[in-house]
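Chain by chain, the residues:
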Amino acid sequence: MENSKYYSPLHEVLFCSESLSGYTTLAGVVAFDGLYVLLTMHMIAMLKSLNLFIGETTNENFTDLEKQFFLHECIEHHARALKFLNDINRIFSPILILQVFTSTSIICVIAFHASANANEGDSQILVMVLYLIAAFYQLFQFCWYGQRVQNESIQLPKSVYDCDWYKCSKKFKTTLHIFFLDVQKTVDISAYKLIVMSLETYLSIIRTAASYFTALQTLTEE
């Protein structure tokens, strides 16, 4: 096989497959990452709009009946947002947990390989550094948008408390109190509810990869 790969037709087949493999891999990664960003941005928009809507529930231009109706719409909007978030977690959980473990391994191994082969030449080191930056960025992208979802969720109880609820009817206050208890639970994007996609998780992964890198270097020196 070593000699036959230089002759037709195997040579042409291998040339075409290797030439296209990079583009197909890039297209798959971009499509998946883009879908994740698109869905999480939609989730962020739902929570951000809900924060704005809550403040309008106590608008003094509304009647008590209209305020009550508007509050029920906010509650339904929140329920739809939670359902959409559950769909995101259900779809992306298996890939997110795989992404976390593979990113940790890739960062550790590439950093170790780059340090161990620092004398191979500038071009080789540059390729490794670029690959390492890509691994950092891809992981950061998942955690950053997950953090933004979490931030908007944390803002919901404050939006409920800051509205002019004290000027409303007793029925409105009772409904708003129940809603307030409901929105206090922070929602987030997670992998099977084991790993929350946030900046704290990102830093934890970096620290874990760094500790593995140090352990590999120590074993190599011994």
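A brief structural summary. Since we're looking at a predicted model, the values are computed, not measured.

Parameters and conventions
Residues numbered from 1 in each chain as written. Predicted model: local features only at pLDDT ≥ 70, side-chain atom pairs only at ≥ 80, totals over all residues. Heavy atoms only, no water. Helix = DSSP H or I, 4+ residues; strand = E, 2+ residues; numbered from the N terminus. Salt bridge = Lys/Arg side-chain N within 4 Å of Asp/Glu carboxyl O. Buried < 20%, exposed > 50% of the residue type's maximum accessible area, 1.4 Å probe, protein only. Core = buried A, V, L, I, M, F, W, Y, C linked by side-chain atoms within 4.5 Å. Contact = heavy atoms within 4.5 Å. Phe/Tyr/Trp six-rings, centres within 6.5 Å; stacked < 30°, edge-to-face > 60°.

Another aspect to go through is the environment of H113. Inspection of the secondary structure puts H113 in helix α2 (residues 64-116). Here the alpha-carbon distance between H113 and M128, two residues 15 residues apart in the chain, equals 8.2 Å.

In this section: the pattern of salt bridges. This structure, assessed with the given rule, holds 4 salt bridges. In this structure, E152 and K48 form a salt bridge, with 3.0 Å as the shortest nitrogen-oxygen distance. Of this pair, E152 sits in helix α3 (residues 122-162) while K48 sits in helix α1 (residues 10-56), placing them 104 residues apart in sequence. A salt bridge links D87 to R90; the shortest N-O distance between them is 3.4 Å. Linking D87 with R90, this pair stays in helix α2, spanning 3 residues, or about one helical turn. Relative accessible area serves as the criterion here: at 25%, D87 is assigned to the partly exposed category. The class for R90 is exposed, based on a relative accessible area of 59%.

Let us look at the nonpolar core. In this structure, Y36, L96, I189 and M197 are the most contacted members of the largest nonpolar core, which totals 38 residues. Elements with a minimum of two residues in this core: α1, α2, α3, α4 (170-183) and α5 (199-221). Beyond its immediate stretch of four places on either side in the chain, M197 contacts Y36, L96, V100, F142, C143, G146, Q147, I189 and S190. Membership of the second largest hydrophobic core comes to 7 residues, among which are I107, M128, L132 and A135.

Under the definition given, this model contains 7 aromatic pairs. A centroid spacing of 6.0 Å and a plane angle of 15° characterise the contact between F140 and W144, whose relative ring orientation is stacked. With F140 and W144 both in helix α3, this residue pair falls 4 residues apart, about one helical turn. Judged by its relative accessible area of 31%, F140 falls in the partly exposed class. Taken together, the ring pairs in this structure connect Y36, F92 and F142 into an aromatic cluster.

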